[in-house]
Amino acid sequence: MKTRWQELRDKHWSPRPAQERRTILLGAVVLTPIIYYFMLWQPAHQALAKLHVTVPVLQAQAAKLAEQAAEVEALRHRPQLAALDAQALKTSMEESAQRHQLRAAITALEVQEPNGVHIACDAISFAAWLNWLRDLQQEQHIRADSVSIAALPQSGMVKISATLNNGSSQ
């Protein structure tokens, strides 16, 4: 390698006049900091500014992903509830409606085999219905298969016809 540099120096540098060599060296001394600034320092500084913005966003996304992974793991280990037959589902819904003080609003509660219940309400508060349905889903895994809702003239009151089951599909 050393001989190669010597060959290049002897071939291209030594034959040049001293004035030309000084001019080339002066140009190199002047251009080196300029090239360093525009090719290395400025791009690094711009990338650093971008990183100051994107790293916190990525850290927040990573934290959320870790939180969601922990939630998925917890849900995997949660015990599965036994599937209720239609009669047990009806009894469970009647007890829940009683606790939520909605039993009087229910006009029909009919068993639908193998694991469903049809419910009808002529006039019920929509907010109360949603709260009750949410509690049924969270506590007993009872899900709405089909729901028909019609608004009544009274504010916040609706007529509901729904088919509910406990989540097992057959």
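As shown above, the structure is provided for reference.
Here is a short report on the structure shown in this document. (Residues numbered from 1 in each chain as written. Predicted model: local features only at pLDDT ≥ 70, side-chain atom pairs only at ≥ 80, totals over all residues. Heavy atoms only, no water.)

## What about helix H3 (residues 86–99)?
Taking 1.5 Å per residue as the helical rise, H3 with its 14 residues ought to reach 20 Å, and the 20 Å between its terminal C-alpha atoms agrees with that figure. Looking at H3, one finds that the buried residues are Ala-86, Leu-89, Lys-90, Ser-92, Met-93, Ser-96 and Ala-97. Taken end-on, H3 shows its buried residues confined to a sector of 165 degrees, consistent with a single buried face. Facing away from the buried side of H3 by over 90 degrees, the exposed positions are Gln-98 and Arg-99. (Helix = DSSP H or I, 4+ residues; strand = E, 2+ residues; numbered from the N terminus. Expected span 1.5 Å × (residues − 1). Buried < 20%, exposed > 50% of the residue type's maximum accessible area, 1.4 Å probe, protein only. Arc of directions from axis to C-beta.)

## Details of the packing of aromatic side chains
Scanning all chains against the criterion turns up 3 aromatic pairs. Arranged with centres 5.9 Å apart and planes meeting at 65 degrees, the rings of Trp-129 and Trp-132 form a pair that is edge-to-face. Here Trp-132 and Trp-129 lie together in helix H4 (residues 126–140), a separation of 3 residues that amounts to about one turn. We classify Trp-129 as buried; its relative accessible area is 1%. Feature note: the residues Tyr-37, Phe-38 and Trp-41 constitute an aromatic cluster, connected by ring pairs. (Phe/Tyr/Trp six-rings, centres within 6.5 Å; stacked < 30°, edge-to-face > 60°.)

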